[in-house]
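Coordinate inspection notes
Spelled out, the chains give:
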Amino acid sequence: MIVVEQLTKRYGASVVVDAVSFRAEPGTVTGFLGPNGAGKSTTLRILTGLNAPTSGSATILGRPYARLDNPGRQVGVLLDATAQHPGRSGRTALRLDALLMGLPRPSVDEALDRVGLSAAEGDRRVGDYSLGMRQRLGLAHALIGDPQVLILDEPANGLDPAGIRWLRGLLADFAAGGGTVLLSSHLLHEVELLADHLVVISRGRIVADGSRNELLPGAGTLVRAADGTALGRALDAAGLAGTATSDGAWVVAGDQAQVARAASAAGLAVTELRPADGSGLEALFLSLTSDTARGQVSA
Amino acid sequence: MTTVTASRVTRVPLGRLVRVELSKTVASRSGEWLLTALGLALVAVVAVTLLVGDAADLTFRGFAEVTSAPLSLLLPLLAILSVTTEWSQRTALTTFTLEPDRARVVLAKLAAMVAVGLLALAAALTAAVIGNVLGTVLRDGSGTWGLRPSEVGDLVLTQVLAVVQGFAFGLLLLNTSAAIVLYYLVAPAVSTVLSLSDALRGTAAWLDLGSASTPLSAGSSTGQDWAQLATAATLWVLLPLGLGLIRLLRGDVKTD
């Protein structure tokens, strides 16, 4: 369980994290989603005791991170897969972890095995690893202490689609065993795949917080015709409940074939027909991203 | 997976942190190279002294002087790197998440470096013993063993001070190049400048660690020498160590 309350971080005049509150519950994978520079990494660094908040609090398993005993045994942390000593082998790096956490020797091989790194890969220098392999080794660092909580900053970065599928399985298993996972990403489709609960941050503020099903219903069709009012009547007549969007289209709880039949029965030409965006999260996220992009251009 | 009962998790003992830091020193190429270089240097200085030294100078004290010289050169570098590589390789992220009590991490690192320094000094004295024996056998050297316990104590203190000073500079600057420049160029330059003028020389004895620790190397310490050493060490060792520690404890861990 991770509880973040009114967390604020200021650097001089700029507010990087602005009164952020959210929870990550045991048994769930929580995705922390936001464009680059939104304050995700800063929040995770405060959560893990590396940065001090200006105000507010963050607790893991009921305590601030810095007050956890042997934290590697309780919270697995991966903040930056590239921040690993290039001159050490993956196995040596894990052995240092095991020594510090007081783990038995076989835990090193178990951890390598769990993240899909072979014995030969474990013996190679981290400097020769691909980004995907570094992510796997970073996950091995996080998992080796058999923690109850995982905090992962952009863990899917550098993984190929098969790697992301593998990561989804690993995190789902971890959560199914009662573990709490908090992972960050700047890619909506990545979080959609990995997380069951979403917390969206933009410019340091939480702008959406809910389950994937609430925020991304997935079902539903968006339909548009030149005469929106007539289209509404046609959908009603076909027994398809719909809601009008602000720009005159309709979002209908039915598949595209049903909707097309209803429109053509009323003699209406459909100008747009596609799966609906879940409660506008994709549109929201796109607008956040483009806001940030514009900000960078003007800066 | 190894099963771990959460309720049994206890604080990481300091001794284990020290062992981890010792392992890190060996498990890095710079550390391996430095320790190898140190071993080779010990062999080299003993060999050269055997070849070219005056037979009368081939004593245990003479050998101890030459074998401790490479230590003073290389150990501070090892101490600097033990701190600064955590930032240059950004492993500080892992180090401080696995042990959030940063003061304990610093203490463990410092203890590990002092331990390495003492082991290296033991190796240097062993090399001096071997050199002295060989000098007697091969060169008919004088081969005396006179080295008073206080002189050994001074040797230990000198090496430990050098290690802690290097460590302190590393902690103050958190940057390898800057710490090396400060330790190997700026500090000796200040020393030289202080010794240039007669007016400054009296003050220099109190402010310059090099001249303050000379009586140590010469084995002729008096009460005033100790007082001068204490003030100079405060300025050059304790002050940077304290400032570096305060910054680390108060600030955010920044690695980029």
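In this numbering scheme, every chain counts its residues from 1 along its sequence in written order. Each chain is given a letter, starting from A, and each ligand a number, starting from 1, according to the order in which they appear as written. The predicted nature of this model means local features are confined to residues of pLDDT at least 70 and side-chain atom pairs, given and counted, to a pLDDT of 80 or more, with totals for whole chains, interfaces and linings taken over all residues.

Only DSSP runs of H or I with at least four residues qualify as helices, and only runs of E with at least two residues qualify as strands; both kinds are numbered from the N terminus onward. Helices and strands together make up the secondary structure of chain A, namely 11 helices and 13 strands. In terms of overall dimensions, chain A has C-alpha extents of about 75 × 45 × 35 Å along its principal axes. Backbone-placed C-beta atoms define the burial measure: a residue is buried with 20 or more other C-beta atoms within 10 Å of its own, exposed with 12 or fewer, and partly exposed in between. Relative to its 299 residues, chain A shows a buried fraction of 46%. Within chain A, contacts between residues at least 6 apart in sequence are counted, and of these 69% link residues at least 24 apart. Here, residue contact means that the backbone-derived C-beta atoms of the two residues sit within 7 Å.

Taken together, the contact between chain A and chain B spans 35 residues of the former and 29 residues of the latter. Listed by contribution, the elements that provide at least two residues to the side of chain A that touches chain B are α2 (90-101) and α3 (106-114) of chain A. In terms of residues, the side of chain A that touches chain B owes the most to one element, α2 of chain A, which gives five residues. In the side of chain A that touches chain B, the residues fall into 14 nonpolar, 14 polar and seven charged. Note on residue classes: Ala, Val, Leu, Ile, Met, Phe, Trp, Tyr, Cys and Pro are nonpolar, Asp, Glu, Lys and Arg are charged, and everything else, Gly too, is polar.

Further remarks concern the nonpolar core. Throughout this description, the term nonpolar core refers to a group of buried Ala, Val, Leu, Ile, Met, Phe, Trp, Tyr and Cys residues whose C-beta atoms join them within 7 Å. Within the largest apolar cluster, 125 residues are counted, with the highest numbers of intra-cluster contacts made by L47, A140 and I151 of chain A together with F167 of chain B. Dropping the residues within four chain positions of it, L47 of chain A is found in contact with I2, V4, A58, I60, Y65 and I151 of chain A. The next biggest cluster of nonpolar side chains, apart from the first, holds 12 residues, and it includes W250, V259, A262 and A263 of chain A.

The next thing to look at is the UniProt feature "transmembrane region" (unreviewed entry) in chain B. UniProt positions are given in the numbering used here, feature names are shortened, and annotations may be inferred rather than shown by experiment. Annotation from UniProt places "transmembrane region" (unreviewed entry) at residues 33-53, 73-89, 110-135, 155-174, 181-206 and 226-249 of chain B. Span residues 73-89 of chain B is 94% helix and 0% strand, its end C-alpha atoms 24 Å apart.

Let us now look at the sheet that holds strand β4 (residues 55-60) of chain A. Whether parallel or antiparallel, the strands of a sheet pair through hydrogen bonds between backbone atoms. Residue and element names in this part refer to chain A. Only strands that DSSP links by at least two bridges are regarded as paired with each other. Spatially, the three strands line up as an open sheet ordered β2-β1-β4, and their pairing is antiparallel. In the strand order of this sheet, the two ends are held by β2 (14-24) and β4, each with one partner. Taken over all neighbouring pairs, the strand axes of this sheet differ in orientation by 20° on average, direction set aside. Lines fitted to the C-alpha atoms define the axes, with helices restricted to the stretch that makes contact. Angles between their N-to-C directions range from 0 to 180 degrees.

What follows is about the pairing of strand β3 (residues 29-33) of chain A. Across a regular strand the side chains alternate sides, sitting on one face of the sheet and then on the other. Residues and elements named next belong to chain A. Among the five residues of β3, five are classified as buried, and the element is accordingly described as predominantly covered. The alternating pattern of β3 places V29, G31 and L33 on one face and T30 and F32 on the opposite face, and all of these are buried. In terms of strand pairing, β3 meets strand β7 (residues 180-185) through five bridges, oriented parallel. Counterpart to L33 in the pairing with β7 is S185. Bridge analysis of β3 against strand β8 (residues 197-202) gives four bridges, and the strand direction is parallel. Within β8, the position partnered with T30 by the bridge is H197.

Mean pLDDT over chain A: 89, with 94% of residues reaching 70 or higher. Below a pLDDT of 50 lies the segment residues 294-299 of chain A, which in the model reaches zero contacts outside its immediate sequence neighbourhood of four places, other chains included. What pLDDT reports is the predictor's confidence in each residue, on a scale of 0 through 100.

Both trends apply: most residues other than glycine have a negative phi, and most peptide bonds are in trans. Residues and elements named next belong to chain A. Here the phi dihedral of A19 falls at roughly 50°; this positive angle occurs in a residue that is not glycine. Relative to the elements of secondary structure, A19 occurs in strand β2. A residue is classified by how many C-beta atoms lie within 10 Å of it, and A19, with 14 of them, is partly exposed. Even without a glycine there, the phi angle at D146 is positive, about 50°. Position of D146 relative to the elements: it lies in the loop between α5 (131-143) and β6 (149-153).

A few words now on the environment of R95 of chain A. Among the secondary structure elements, R95 of chain A is positioned in helix α2. Spatially, the C-alpha atom of R95 of chain A lies 8.7 Å from that of S107 of chain A, the residues being 12 residues apart in sequence.

For the rest of this paragraph, the subject is the confidence of the model for chain B. Residue and element names in this part refer to chain B. In the predicted model, chain B carries a mean pLDDT of 87, and 91% of its residues have values of at least 70. When pLDDT is averaged over each helix and strand of chain B, the minimum, 60, is found for helix α10 (residues 214-218) and the maximum, 96, for helix α4 (residues 92-98). Across residues 1-6, where pLDDT falls below 50, the model places 11 contacts with residues more than four positions away in sequence or in other chains. Under the prediction, the complex receives an ipTM of 0.87, its pTM being 0.85.

Moving on to helix α6 (residues 161-176) of chain A. What a helix is expected to span follows from its residue count: subtract one and scale by 1.5 Å. Taking 1.5 Å of rise per residue, 16 residues should cover 22 Å, and α6 of chain A covers 22 Å from first to last C-alpha, within 8% of that figure. Positive backbone phi, approximately 95°, marks G178 of chain A, located one or two places after α6 of chain A.

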